[in-house]
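Structural overview
What follows is each chain in one-letter form.
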Amino acid sequence: MINKISYGYKLILFSLPVFITTALIIYTISYTAFVVYAVSVFLISLIIFLITRRDFIRLSDIFQDTSYKLNESAEETEDYEEKIQTVIDITDRFTEIRKNFSHNKDIDSILRSTQDILSKLHNELNTAKVFKVNRNEFLGNVAHEMRTPIFAIQLSLETLVDGAIHDDNVNMDFLNKAFNQSNRLKNLVDDLINISRLEAGMKLSKRYFSINGLITETINELTGIAKKKHLNVCFEPVIKDSTLVFGDSERIKQVLINLIDNSVKHTPERGNIKLATRKEDKNVFISIEDTGAGIPEEDLPRIFERFYRVDKNRSRDMGGSGLGLSIVKHILELHGTSITVESVYGKGTKFEFSLPS
Ligand code: ADP
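First, a word on scope: everything that follows refers to the structure included in this document.

Rules and cut-offs
Residues numbered from 1 in each chain as written. Predicted model: local features only at pLDDT ≥ 70, side-chain atom pairs only at ≥ 80, totals over all residues. Heavy atoms only, no water. Helix = DSSP H or I, 4+ residues; strand = E, 2+ residues; numbered from the N terminus. Axes fitted to C-alpha atoms, helices over the stretch in contact; angles between N-to-C directions. Parallel < 35°, antiparallel > 145°, perpendicular 65-115°, else oblique. Left-handed = near helix turned anticlockwise from the far one by under 90°. Contact = heavy atoms within 4.5 Å. Nonpolar A, V, L, I, M, F, W, Y, C, P; charged D, E, K, R; others polar. Buried < 20%, exposed > 50% of the residue type's maximum accessible area, 1.4 Å probe, protein only.

Concerning unusual backbone geometry
One can expect most non-glycine residues to show negative phi and most peptide bonds to be in trans. In this structure, H230 is a non-glycine residue whose phi angle is positive, near 55°. Relative to the helices and strands, H230 is located in the loop between helix 6 (211-228) and strand 2 (232-237).

Encoded structure:
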């Protein structure tokens, strides 16, 4: 069609002087012949215009139809498949049109654009497919994680209802079991809320703060759980207390809590947990090192994944949601930094991250 229009313009451009000259000659000969000539030219032009216009409308319909379908937002993989089909259809139609206008640059450029759109849509489709698989896997994991504590609470309450409530030897045990499991459920839900907020791109409230101060405050809050296992928790600040780092102190505290909590959980009684800060260029490095169980080398690349646990049952029994390190990774990513891990299985683990100073 574009070809037809450009040919139409050329035709008008070249034929207009011919028509005008002919009209002037006929006018000098006979007025009636001039009128007949003018009316005929007008009618022929009108017919050509109508034919061309019909084609033009048909082509614009293709564009309208296609852009309407492409502009609709795609959420499911089926939506992408529909869009891809729409672009394939328009490509086929233009390939057909090109057969009649083989040297038309406009049609060639339209076909190149449709190829670009097609490859972009294919990429988006692949991403949507991966997203769908991840989402389903995530939902499956959440259901699985919730089922265990809910089942345990149900069992304890059922035993109490069935009569154990009147048995003073066991009733407190069952109540405590139900209470502990409800705490586990609450921690899981809290972590899920945290992770969904972080993944939605939670806004950080960044400011300068003393990292030594924050580490000391966090250790003080966690000494209770460390003392239960007679763990020696120490802090070796190489930097001055007045050294400030830039970040969201509340979120960084969450990072410290998760890392220290993991060290406490995975370090046997009377073991050591050492926190340290050091400065390199314009960054402060914060490390947490323990003399705990360590992590096998093959598991190291996966420990930051959601719900990934090295020893599935043991970690679950320790009350972990399997989301702790994933939350740590997300928070540090939002700060534009990352975390490293070194571990020797059976000897201990060291996590380290940095913040701008
Ligand atoms: P969890 O809630 O199970 O602790 P995390 O995401 O915090 O989940 O940790 C993932 C897994 O990484 C844990 O299940 C554990 O196997 C391993 N892990 C994390 N920190 C340590 C550590 N300090 N020592 C040994 N293993 C660890």
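With respect to the packing of helix 7 (residues 249-266) against helix 9 (residues 324-334)
Helix 9 packs onto helix 7 with a crossing angle of 150° between their chain directions and a minimal axis gap of 9 Å. Considering the angle they form, helix 7 stands roughly antiparallel to helix 9. When you trace helix 7 past helix 9, the crossing you get is left-handed. For the pair helix 7 and helix 9, contact is made by R251, I252, Q254, V255, N258, L259 and N262 and by G324, L325, I327, V328, I331 and L332, respectively. Of the residues contributing to the contact of helix 7 with helix 9, the split by class is 8 nonpolar, 4 polar and 1 charged.

Digging into the environment of E298
Position of E298 relative to the elements: it lies in the loop between strand 5 (283-290) and helix 8 (312-317). With a relative accessible area of 61%, E298 lands in the exposed category. For the pair E298 and V310, spaced 12 residues apart in the sequence, the C-alpha separation amounts to 9.8 Å.

Points about the environment of E158
Tracing the chain through its elements places E158 in helix 4 (residues 105-161). Here the alpha-carbon distance between E158 and F174, two residues 16 residues apart in the chain, equals 9.7 Å.

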